[in-house]
Amino acid sequence: MIDTPFLLPEEQALTSRFINEGFVTAPADDRSGLDRIQRRAAELAADYLNLPHSNDSLGFLDSIHSRVSVDNLNGLRMHVITGLNAEPWLRPTYFRLARSTIETIVGNELCMQRRVNLSIQMPDDDSSLLATHSDVWSGDSPFEVVVWVPLVDVFRTKSMYLLPPSLNGEMQDRMASLRSAEELYKTIKPHLTWIDIPYGHVLVFNQTLMHGNRVNEESGTRWTMNCRFKSIMSPYADKRFGEFFEPISLRPATRIGMQYKLPGGFNG
Ligand SMILES: O=C(O)CCC(=O)C(=O)O
Ligand SMILES: [Fe+2]
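Notes on the structure follow. Bear in mind the structure is a predicted one, so any value in this text is a computation, not a measurement. (Residues numbered from 1 in each chain as written. Chains lettered and ligands numbered in written order. Predicted model: local features only at pLDDT ≥ 70, side-chain atom pairs only at ≥ 80, totals over all residues. Heavy atoms only, no water.)

## Some words on the pairing of strand β3 (residues 117-121)
Residues in a regular strand point their side chains to alternate faces of the sheet. β3 sits mainly inside the fold: four of its five residues count as buried. One ladder, built from five bridges, connects β3 with strand β9 (residues 222-231); its direction is antiparallel. Bridging across to β9, Ser119 finds its partner in Thr224. (Buried < 20%, exposed > 50% of the residue type's maximum accessible area, 1.4 Å probe, protein only. Helix = DSSP H or I, 4+ residues; strand = E, 2+ residues; numbered from the N terminus. Pairing = 2+ DSSP bridges.)

## As for the sheet that holds strand β6 (residues 193-194)
Each strand in a sheet pairs with its neighbour through backbone hydrogen bonds, running either in the same direction (parallel) or in the opposite one (antiparallel). If you walk across this open sheet you meet the three strands as β6-β5-β8, and the pairing is antiparallel. Two strands bound the open sheet, and with one partner strand each, they are β6 and β8 (211-212). The sheet contact formed by strand β5 (residues 161-162) and β8 spans two bridges and is antiparallel. Within β8, the residue paired with Leu162 across the bridge is His211.

## Things to note about the site of ligand 1
Taken together, the residues surrounding ligand 1 are Leu130, His133, Asp135, Val146, Trp148, Met160, Phe205, His211, Asn213, Arg222, Asn226 and Arg228. In the environment of ligand 1, an oxygen atom lies 3.0 Å from a nitrogen or oxygen atom belonging to the side chain of His133. The side chain of His211 places a nitrogen or oxygen atom 3.0 Å from an oxygen atom of ligand 1. Within the residue set of the shell around ligand 1, elements represented by two or more residues are β4 (145-150) and β9. With three residues, β9 is the largest single contributor of residues to the shell around ligand 1. Tallied by class, residues from the shell around ligand 1 come to five nonpolar, four polar and three charged. (Near = heavy atom within 4 Å. Polar contact = N/O pair within 3.5 Å; in protein donor to acceptor, adjacent residues only side chain to side chain. Nonpolar A, V, L, I, M, F, W, Y, C, P; charged D, E, K, R; others polar.)

## Here we look at the coordination of the iron ion (ligand 2)
Protein coordination at the iron ion (ligand 2) comes from His133 (NE2), Asp135 (OD) and His211 (NE2), with a distance range of 2.1 Å. Sequence spacing among the residues donating to the iron ion (ligand 2) works out to H-x1-D-x75-H. (Donors = N, O, S within 2.8 Å, 3.2 Å for Na, K, Ca; no water.)

## Some details on the environment of Ile195
Tracing the backbone shows Ile195 in the loop between β6 and β7 (201-206). On the basis of relative accessible area, Ile195 is assigned to the buried category, the value being 2%. Considered as a pair, Ile195 and Leu84 are 111 residues apart in the sequence and their alpha carbons are 25 Å apart. Residues in contact with Ile195, not counting those within four places in the same chain, are Phe23, Thr25, Val154, Ser159, Met160, Leu162 and Leu203. (Contact = heavy atoms within 4.5 Å.)

In structure tokens:
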């Protein structure tokens, strides 16, 4: 337990969970915002497939594998995520889904990734898998977190896995002697946490820990979105300020500090 008189007991509890387990899940702060994203995703998917809009967005998305082939899946995914990112309300709404958790875990002067990502994994489809990785291995800063939001219920292989913090260092040390990503997966497999999340909840995870996904062996299609957040003043890696990340909440004291100039003219 993180024990400091400067944080509320619920903030301390969330902090301890994030540090010890590497993730937290929480009900969406803005449930109607989540429903709006889900509905728009379902409408865009129906448009792409020339189908009428459904009143049951969750059921439509969850059963999309009965209406689209693997060959068409990436086209569908691109259509939906391009359409969602084109909505001016998408990123403010996405932020509001997890605002209280992000502010406790990251801070309240934030940068947000400019494009929200979408992943669709149909049952038994091995065409869009992400092998075991940590985002920091490919240009993300260790100061970033991922906010990961399912648009359907996700559980077991329909979700993603995360290696607990207590084992991540030891497994990274073993990596140099392994020959493939599959061998790495087999090594960490007994220790992984598969994160079950019902629709309506959001996940915030520590992307410095190893994570990834496998073939979805459940009966419904997985639809999940992900987006990175970091504190504006924390160090950046390859994903740059202004390119990949955009400030969303700079506070006035910081604005003033950044613009301040000491009085001049005293040296001669
Ligand atoms: O969605 C997944 O299964 C993995 C997501 C991931 O690697 C990420 O968001 O950094
Ligand atoms: Fe990742």
